[in-house]
Amino acid sequence: MLKPTREILTASLTYVGRAEMTVAGTRYLVARSRRRLRPDFAMSGGSFDDDAVVGVLRERLATGELPLIASGECWAGPAAGGHSCVVCGVAIGQGAAEYEVPHDGARPLHAHAACFFTWRLEAQRLRGSRKQAS
Ligand SMILES: [Zn+2]
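Residues numbered from 1 in each chain as written. Predicted model: local features only at pLDDT ≥ 70, side-chain atom pairs only at ≥ 80, totals over all residues.

### Overview of the overall build of the protein chain
A tally of regular secondary structure across the protein chain gives 3 helices and 5 strands. Moving toward the C terminus, one meets the helices and strands of the protein chain in the order α-α-β-β-β-β-β-α. By residue count, 26% of the 134 residues in the protein chain fall in the buried class. Pairs at least 24 residues apart make up 50% of the contacts formed inside the protein chain by residues separated by at least 6 positions. (Helix = DSSP H or I, 4+ residues; strand = E, 2+ residues; numbered from the N terminus. Buried ≥ 20, exposed ≤ 12 C-beta atoms within 10 Å, placed from the backbone. Contact = placed C-beta atoms within 7 Å.)

### Some words on the pairing of strand 5 (residues 106-112)
Sheet analysis places strand 4 (residues 97-103) next to strand 5, joined by 5 bridges and oriented antiparallel. Bridging across to strand 5, His 103 finds its partner in Ala 106. Count of turn residues in the strand 4/strand 5 antiparallel hairpin: 2 residues, of which Asp 104 carries a positive phi of about 50°. (Pairing = 2+ DSSP bridges.)

### Quick notes on the confidence of the model for the protein chain
Scored by pLDDT, the protein chain comes out at a mean of 80, with 81% of its residues at no less than 70. Mean pLDDT across the secondary structure elements of the protein chain bottoms out at helix 1 (residues 5-37), with 73, and peaks at strand 2 (residues 83-84), with 94. (pLDDT = per-residue confidence, 0-100.)

Put into structure tokens, the structure is as follows:
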């Protein structure tokens, strides 16, 4: 028996979403590998010094170059193209999963899905460490 069209469409959209997440994750890994090949991107002082992207991200959060984002402050959807990821610097391909973060009334910041999740996690960690210190 054939599945109803709506069910097939819903399943297809789910698979497209998963594929976009995989592509975004792959792009993140490629960008991270590129950064590992360029030691001048690396920062010191963290427990993950070998992970240049996370090291640079932590530094940018600590200096305020990137905002400390929290849950519920963004939109996600397929990228229209034309934006680069604020976390890894790699262009976000048209149709890829893209996160858009409002930024103090200025132009919103864009990130790959994997980069956004790392960014949010590191922001939460930094916020938590600042609470403990005060
Ligand atoms: Zn990225």
